[in-house]
Every structure is written in structure tokens, then in C-alpha cells.
Amino acid sequence: MLDFFTIATKGGLVLWSKAYGPAQSSPINSLIQEILIEERSSTQIYYKDNYSIKWTFVNDLDLIFVAVYPKALGLTYIDTLLKAATTQFSELYGDRILHKNTGIPQLKDWGVQFEALLQTVEDQDSQSKKSRQPRKFEETVGYSNTLAYAKAKPEERDTAKSPLLDEDEFRKNVELLKKKTASPRMGGRKGKGAKSPTASPVIGSDDSKKKVKEGRKWDGKISAKDAKSLDYSNSDVSEVVNADHLVDQSGLGQHSKDGTYNVADLEASDEESFSSDESEEDYTKISARSLQAKKPAASSGLLSFFKNMTGQKEMTAESLEPIMGKMKEHLVNKNVAADIAQHLCDSVAKGLEGQTLGSFKSIQAHVKQSMELALKRILTPKTSVDLLRDIAQAQAEKRPYTIVFIGVNGVGKSTNLSKTAFWLLQNNLKILIAACDTFRSGAVEQLRVHVRNLKALEQNAVVDLYEKGYGKDSAAIAKEAISSAKMTGHDVVLIDTAGRMQDNDPLMRALAKLVTVNNPDKIIFVGEALVGNEAVDQLTKFNAALKDFSGLANPRHIDGMILTKFDTIDDKVGAALSMTYTTGQPILFVGTGQTYTDLKNMKVSHVVASLLRE
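In this convention, every chain numbers its residues from 1, walking through the sequence in written order. Given that the model is predicted, a residue must reach a pLDDT of at least 70 before its local features are reported, and side-chain atom pairs must reach 80 or more before they are shown or counted; all residues, however, enter totals for whole chains, interfaces and linings. With hydrogens and water set aside, each side-chain value is computed from the structure's full complement of heavy atoms.

**Considering the overall build of the chain**
Then comes step 1: The way it works is that DSSP assigns letters per residue, a run of H or I at least four long becomes a helix, a run of E at least two long becomes a strand, and they are numbered from the N terminus. Helices and strands together make up the secondary structure of the chain, namely 19 helices and 15 strands.
Then comes step 2: Under the scheme applied here, a residue whose accessible area is under 20% of the maximum for its type counts as buried, over 50% as exposed, and between as partly exposed, the area being computed with a 1.4 Å probe on protein chains only. With 614 residues in all, the chain has 43% of them scored as buried.
Then comes step 3: Considering only contacts within the chain whose residues lie at least 6 apart along the sequence, 73% involve residues at least 24 apart.
Then comes step 4: Entry remark: accessible area of the chain is about 35,300 Å², with carbon and sulfur atoms responsible for 52%. Contacts are assigned to residue pairs with any non-hydrogen atoms lying within 4.5 Å of each other. Here, Shrake-Rupley sampling with a 1.4 Å probe gives the accessible areas, and only protein chains in the shown set may cover a residue.

Below is the structure:
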């Protein structure tokens, strides 16, 4: 039974809707927020709570038809209903909708038309189910193994198709079987213990002498003075340390009028935004190489040349297919995950089918413009990224604001934690760093050096390290650090965690325990900008672990991301799109170097321009 059917414009104006029962939730709103806005409309069906949702676009009228029905029923006629409804509605009201000066059309008669259409589709579906009859036994393969089949005449045996292979295939299978079952004595496969004969070494030769492993020889010796200078385990942080080289003065951010220090924006020497008012020459820069469909034959003449320039009057799936294929290849070359590039191209193509082009506007330019809008919708943050405002709110509640940094091994969690600490110290906040990486050797000492350097850079900086050594429970250390910060008046607690691969269940359980026990304000995933498909796998499994191992009804998930090594990828910024598309969460900062000022704001326009640039 159908629960809900609605017809709306792509701008969100509902033209007509019909409910057949009370709705326990709002599946239409969920469809808009999680599918349409996020450019996931290439999906054929969407499940929300107890509902299944299917939809179809009428792009020439800028309309969307949505049908909602119970997930348990699995109605088979929904696709037919949507197709019939779009066809009939377009015939009745298409002209009035296209002439926008006439206003919104009155759909008084559509309710009766739809009810009749729904009844017809349901009747046809029930009749088709009744007409389906099970096959007779004589028509099945099992009949060929019976005595009746053996006694039957050859012409009567045609009803049962024999499953036997043809002679050539049967002969190949026999040869393969002979090779597999060949005896080892006859030159077949050797057994597990079989060894190939080797010549015995000659007595007295160099080969017969047992080689002794030589010890490692170092290039130079380390004096006691050098060893003491390299030992930071018991160093006094009050000693004078020159850390000026860890701050790039040219990379410092700016102070706003209210005194807030903001990190600098990511600079791009040739940054450009592909807006709708750009020239056609700029738009076709990619289309001439990356997005161009197959070239017409030389004999096609001047008419085909103009057709290739201006495109077709109406965009169809056939005309879009080669262009979207090139667009997908272009995105993959920019380091976008292959699956995400495919979903994104399918969604954009689905939104373009049926639209009419201008007289001299190429399909390539139209596709690129639509892709630009789709990328901006995905990359624009849906939640607040103002951490300073959230910290001020926590201060008003007289509690420390807690941030957990998570990620795989070697991506730079501790380094970017220290960069974040430097940014917060510029805003006169008191920082406590919790050393919860009790697994990696040297992790605590690394944070101790960062704390010493940060104190050396700012005379009145309040940044401390809370540590309990190695081999301890990281969740317990984080809890103690938060309690200590509350008593000592620290504003922010930055929790460093051990790097772990996404498939390591024991370590992922430990991470989920840390998050569940301490319930941090922000969970920041630190990932490399170099990865492509691996980024999707990492984020998906980290989120799944936080959900599966938490034991909570409403588990936490990743709240934001920091992309590291962004200065090494040139314009291959696809990891930013892959991560945002996978989680739906924003990228807070990008790391661009080794100094404390190499933490930048990522501009959406820069990423979009880099993704679309040839």
C-alpha cells in the first residue's frame, strides 16, 4: 500500500501531495537533506526508518515526483506508477508550468486523475501476479533424470533442456581434470615435502664455510654530551629554548577587530572560481581535452561542426554518457575515489536529462557548470566550523572543551595537534594536552617537546602536558586529564591517540571506549591528502567502529577532519571531496608544512577550481 506521494519543484515548492496514512517521521525531509542536497540522487532507492522512498526527475519542468511506501511490503509497481504519473502530469500541466507568467497551475483535477492511475497500476500488478503459474515438472531439468524421460521419444524430450555441456567444453574439462590428478611420479605436481635436488658444496670451498653475521657499524660515535642533549625524558621546560624557526612569520594569520586570531587561508597562485559569468572559452578549456566526446567524421561537414559546438536542443542520456565518462576520468585523475566520482557523475547527469540548452551553449559547458554547483554543495559545511564559539560556550558552562584527534598511523596527528594548540594559544586560551598514545614508542616525548616549544614561543602561554607513561588505559588517562583540566582551569583539552589501522579490531574497540567514556565535544579525523580510494575505506570503518563498539543508542561519529600534507599534492585535491562526501562533515583545516603556522583554512572555491582545472 502506498503511504505518500508528492510532486514538488526542485526549489522545494510542493505542488501536490497525498497521504494515505499517518507518517511516524518525515521521510521527505530526510530525502532532501541526505540525498538531493548531497548529490546522491544516482541511488535508485532510499531507506529511512520503516519507509522505502523512490523518486524520479522531470528536468525539463524542474519537477521531482516522490513515492513513499512501507519497507516491509516491497511494492513492485512503484517504478511503473512514477513513470505513468510523470507522463500524464506532463501532458496535462507541462505547458502551463513552462509558461511561468501564468503563475502556479491549479491542480484541482489531478487528485482524481492520480487515484484512477494508482488503481489501474495496482490492478495490473495483481493480475500479473495471478497470471504467473509454476512450471510443469516436464519443463524442469530434474525431469531429464527420471525413467519417464528415458522412455520418452526424442521429440518429446525437447521440453526439458539438458544441462550437459557441448563436446568442446566437455573435452577441455577432461583435460584440466587429467592435469590436476596427474601422479607426482609421472611428472605432475610435486608434493609439499618435495625438494628440488641441489649440488652439494665442495669441501674446502668458500660456500661450505658458515657465514658469520657481522654487527652493525655506525658512521660515528655519540659522545656523552651529545647523548645528554638528545635526551628529553627529564629535560627542564623552563630552560631557554630557541623555537623561532618553528614559526613562519609570513604564514601567520590575522587578528580580527575583536582580537580573535584566525589562521590564514590556503593560498593559490592561480586560484579561480568557475562562475556562470565566465567566458565560453574558459568553460571549454576542459571540454576540448578532457570532456570532449568522440570527434565527428571528417565528412560530416559544416552542419556537424555547428552541432558539436552548440550541442543538442535537449540533453539525453545518450548525449551525456560520453561527456560524463570523461568527467569521471578527470575526477579520478584528481585523486577522487572512483566510486564517489561515478556516483557524482550519475547524479549530475540525472539532473541534466531532459533540460533544454540555449542556442549557442555547448553541452560540455553546461555539464561543467552543473558539476561546479554540485561540488560546492558537497564541500560547503553543513554544520558550524567555528571552534572558538563552541569553546566560549563551554567556558560559560565552566567546563573544559575536549577535542580528540584520531586517524591511522603516520598521518601527523601529534604534529597537527600541536599546530591546533598554537592557534588556540594565540587566542589566549589555556591548553592541556593529554598523552593518550600509550602504544607508540616516543609518543609522550614528542608531545613533551611540542609543549616546551610552545611555551618558548609565548611568554605567558599556558600549555601543559598530562601523561601517565606507556602501557596504560588511554580512556582512563583521558578521563583523568579532563578532570584535572576542570580543577586547574584549563579551557581546552587536546587528546592525542595512537595511530591505528581501520581493520585492527582491538585498537578500534579501545578507541570506541575512549570516545564513549569521555564523550568529547569534537572528534577530529586526521587524514592524508595523498590518499584516494583508501580515504573512503578509512572513514567508513572508523565511523562504523565508533558506532558498533560504543554500546550506545545514539553513538558518536567523526565531527570534522584535518587534511595533512596538502602542500605535496599540487592540484590533486580529490581526497578533500572523497572525505567530505563519505562523512558529510566539514574539513576544518589543512596542514601545509612542518611549522606551527602551517595550519590553513581550506577555501571551497579553491578546491572546486582545482578539481575542474585541466
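**Some thoughts on the environment of methionine 602**
Then comes step 1: Summarising the element assignment, methionine 602 is placed in the loop between β15 (599-600) and α19 (604-612).
Then comes step 2: Its relative accessible area of 14% is what places methionine 602 among the buried residues.
Then comes step 3: Each C-alpha atom of the pair methionine 602 and leucine 563 lies 9.4 Å from the other, and the pair is 39 residues apart in sequence.
Then comes step 4: Contacts of methionine 602, omitting those with residues within four sequence positions, involve Ala576, Ile587, Val590 and Val607.

**A closer look at the confidence of the model for the chain**
Then comes step 1: The pLDDT value tells you how sure the predictor is about a given residue, anywhere from 0 up to 100. Taken over all residues, the pLDDT of the chain has a mean of 78, while the share at 70 or more is 72%.
Then comes step 2: Residue range residues 159-166 is modelled with pLDDT below 50. Its contacts to residues more than four positions away, or to other chains, number 11 contacts.
Then comes step 3: Contacts of residues 185-205 to residues separated by more than four positions or lying in other chains number 7 contacts, the stretch itself having pLDDT below 50.

**Some details on the packing of aromatic side chains**
Then comes step 1: Classification of ring pairs uses Phe, Tyr and Trp, with its six-membered ring standing for Trp, and accepts pairs whose centres are within 6.5 Å; under 30 degrees between planes counts as stacked, over 60 as edge-to-face, and the remaining range as tilted. A complete count under the given rule lists 12 aromatic pairs for this structure.
Then comes step 2: A ring pair is formed by phenylalanine 525 and phenylalanine 542, whose centres lie 5.3 Å apart and whose planes are at 75°; its orientation type is edge-to-face. With phenylalanine 525 in strand β12 (residues 522-528) and phenylalanine 542 in helix α17 (residues 533-548), this residue pair connects regions lying 17 residues apart in the sequence. Of the two residues examined, phenylalanine 525 and phenylalanine 542, each falls in the buried class.
Then comes step 3: Members of the aromatic cluster, joined through ring pairs, are Phe5, Trp16, Phe65, Phe89, Tyr93, Trp110 and Phe114.

**As for the pairing of β12**
Then comes step 1: Of all 7 residues in β12, 7 are buried; the element is thus mostly enclosed.
Then comes step 2: Alternating residues of β12 divide into Lys522, Ile524, Val526 and Glu528 and Ile523, Phe525 and Gly527, and every residue in both groups is buried.
Then comes step 3: Any two strands with at least two DSSP bridges between them are considered paired. For β12 and strand β13 (residues 560-564), the ladder comprises 5 bridges, and the chain directions are parallel. Bridge pairing in β13 links valine 526 to isoleucine 562.
Then comes step 4: Every crossover in which the path from the first strand over the helix to the second runs clockwise, viewed with the strands pointing away from the viewer, is termed right-handed. Regarding the hand of the β-α-β motif, the stretch spanning β12, α17 and β13 is right-handed.

**A word on α19**
Then comes step 1: The element α19 is largely enclosed, with a buried count of 8 among its 9 residues.
Then comes step 2: Buried within α19 we find Val604, His606, Val607, Val608, Ala609, Ser610, Leu611 and Leu612.

**Observations regarding the pairing of strand β2 (residues 14-19)**
Then comes step 1: Of the pairings in the sheet, the one linking strand β1 (residues 4-9) to β2 comprises 5 bridges and is antiparallel in character. Bridging across to β2, alanine 8 finds its partner in valine 14.
Then comes step 2: Counted between consecutive antiparallel strands, the loop separating β1 from β2 contains 4 residues, among which glycine 12 sits at a positive phi close to 105°.

**Thoughts on the environment of histidine 366**
Then comes step 1: One can find histidine 366 in helix α11 (residues 363-379).
Then comes step 2: Along the primary structure histidine 366 and methionine 315 are separated by 51 residues, whereas in three dimensions their C-alpha atoms are 10.0 Å apart.
Then comes step 3: Within 3.5 Å is the distance limit for a polar contact, defined as a pair of N or O atoms, with the added protein rule that one can donate a hydrogen and the other accept it, and that residues adjacent in sequence qualify only through two side-chain atoms. Within the structure, histidine 366 has its side chain in polar contact with the side chain of glutamine 355 (distance 3.2 Å).

**Describing unusual backbone geometry**
Then comes step 1: Here the phi dihedral of lysine 398 falls at roughly 60°; this positive angle occurs in a residue that is not glycine.
Then comes step 2: At aspartate 570, a residue that is not glycine, the phi angle is positive and equals roughly 60°.
Then comes step 3: Assessed through its relative accessible area of 67%, aspartate 570 is described here as exposed.

**Overview of the sheet that holds strand β10 (residues 463-466)**
Then comes step 1: The 8 strands lie next to each other as β10-β9-β11-β8-β12-β13-β14-β15, forming an open sheet whose pairing is mixed. Strands with a single pairing partner mark the edges of an open sheet, and in this sheet they are β10 and β15.
Then comes step 2: Sheet analysis places strand β14 (residues 587-591) next to β15, joined by 2 bridges and oriented antiparallel. What sits directly across from valine 590, in β15, is lysine 600.
Then comes step 3: Inter-axis angles, ranging from 0 to 180 degrees, are taken between N-to-C directions of lines fitted to C-alpha atoms, where helices are fitted over the stretch in contact. Sitting on the sheet, helix α18 (residues 574-583) touches β12, β13 and β14, and the angle it makes with β13 is about 165°.

**Some details on the nonpolar core**
Then comes step 1: For the purposes of this section, nonpolar cores are sets of buried Ala, Val, Leu, Ile, Met, Phe, Trp, Tyr and Cys residues that join through side-chain atoms within 4.5 Å. Counting residues in each nonpolar core, the largest one holds 108 residues, and the members touching the most others are Met371, Leu424, Ile431 and Leu494.
Then comes step 2: The source of the domain bounds is an automatic or database domain assignment. The residue makeup of this core includes at least three contributed by each of domain 2 (280-379) and domain 3 (387-612).
Then comes step 3: Dropping the residues within four chain positions of it, leucine 494 is found in contact with Ile403, Phe405, Leu417, Ala421, Leu424, Ile431, Leu432, Ile433 and Ala434.
Then comes step 4: The next biggest cluster of nonpolar side chains, apart from the first, holds 26 residues, and it includes Leu15, Ile78, Ala85 and Phe89.

**With respect to the UniProt feature "domain: SRP54-type proteins GTP-binding" (unreviewed entry) in the chain**
Then comes step 1: Cross-referencing UniProt, the feature "domain: SRP54-type proteins GTP-binding" (unreviewed entry) maps to residues 586-599 in the present numbering.
Then comes step 2: As annotated, residues 586-599 comprises 0% helix and 43% strand, and the C-alpha atoms at either end are separated by 15 Å. UniProt positions are given in the numbering used here, feature names are shortened, and annotations may be inferred rather than shown by experiment.

**Considering the sheet that holds β2**
Then comes step 1: On the basis of which strands lie adjacent, the open sheet formed by 5 strands has the order β2-β1-β5-β4-β3 and antiparallel pairing. This sheet does not close on itself; its edge strands, each paired only once, are β2 and β3 (46-48). Neighbour to neighbour, the strand axes of the sheet diverge by 20° on average, direction disregarded.
Then comes step 2: Two elements, β3 and strand β4 (residues 51-58), share 3 bridges in a ladder whose sense is antiparallel. Bridge pairing in β4 links tyrosine 46 to isoleucine 53.

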